[in-house]
Amino acid sequence: MSARSKGRRTITKAISFFRDKKMIVDEVELTGRFIKSKDLFSGLCIKCWQHDCQHTQEQKFDGFDLIAMDGTNVWLIQVKTNKPPTQKPYKRFAMTFSSKYIRVLAMTWYDRKGWVLHTFNKNGTVIKNDLRQKPNAKKND
């Protein structure tokens, strides 16, 4: 199994997750032969939020895979498999750009277990919501 196909399956699961909640969801991956950063806002410097800047040693932002809308919020979503994304850039993005109606979410799918959601808030806090299936408690016979 290739990493590309595994990532594709995880994106499909995330889309189904939001559609089950009656939300509008779509992928925001940019396509093209010469595009280096394919996700929404990817490749931005996490210091100044520009593509071309003087901060050459700064970490670049990974961007978002999905965008979803419910009745009031627009969700910018990064989807990962088995390992959550680095929190620092997403915290900084949320502190700079999130608002009452724009929300930042990282979803991590753990194989055969389920989702863990990290919501990044404007004040720099992170709310973790673990939706993984808990293993059945062993019975004492």
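Refer to the structure above for everything that follows.
Cut-offs applied
Residues numbered from 1 in each chain as written. Predicted model: local features only at pLDDT ≥ 70, side-chain atom pairs only at ≥ 80, totals over all residues. Heavy atoms only, no water. Salt bridge = Lys/Arg side-chain N within 4 Å of Asp/Glu carboxyl O. Helix = DSSP H or I, 4+ residues; strand = E, 2+ residues; numbered from the N terminus. Buried < 20%, exposed > 50% of the residue type's maximum accessible area, 1.4 Å probe, protein only. Arc of directions from axis to C-beta. Contact = heavy atoms within 4.5 Å.

Engineer: Whenever I open this one, the pattern of salt bridges confuses me. Can you help?
Structural biologist: Oppositely charged side chains can pair when the atoms bearing their charge come close. Taken as a whole and judged by the stated rule, the model has 2 salt bridges. Residues Arg-8 and Glu-27 are paired through a salt bridge, measuring 2.8 Å at the closest nitrogen-oxygen approach. Here Arg-8, found in helix H1 (residues 3-20), pairs with Glu-27, found in strand S1 (residues 24-27); they are 19 residues apart in sequence, far enough to count as distant. With a relative accessible area of 39%, Arg-8 lands in the partly exposed category. A salt bridge links Arg-132 to Asp-130; its shortest N-O distance comes to 2.8 Å. Given a relative accessible area of 29%, Asp-130 falls into the partly exposed group.

Engineer: Explain unusual backbone geometry to me, please; I cannot follow it from the model alone.
Structural biologist: Leaving glycine aside, a negative phi is the common case for residues, and trans is the common case for peptide bonds. A positive phi angle, close to 65 degrees, is found at Asn-82, a residue other than glycine. Although it is not a glycine, Arg-112 sits at a positive phi angle of roughly 60 degrees. Within the secondary structure, Arg-112 is located in the loop between strand S4 (102-110) and strand S5 (114-120). The class of Arg-112 is exposed, set by a relative accessible area of 76%.

Engineer: Any chance you could explain helix H2 (residues 87-97) here in plain terms?
Structural biologist: Count 3.6 residues to each turn of an α-helix, and residues three or four apart come out pointing the same way. Taken as a whole, H2 has its buried residues at Pro-89, Tyr-90, Phe-93 and Ala-94. Summarising the axial view, the buried residues of H2 lie within an arc of 130 degrees, below the 170-degree limit, and thus occupy one face. Those residues of H2 that are buried are in contact with strand S3 (74-81), S4 and S5.

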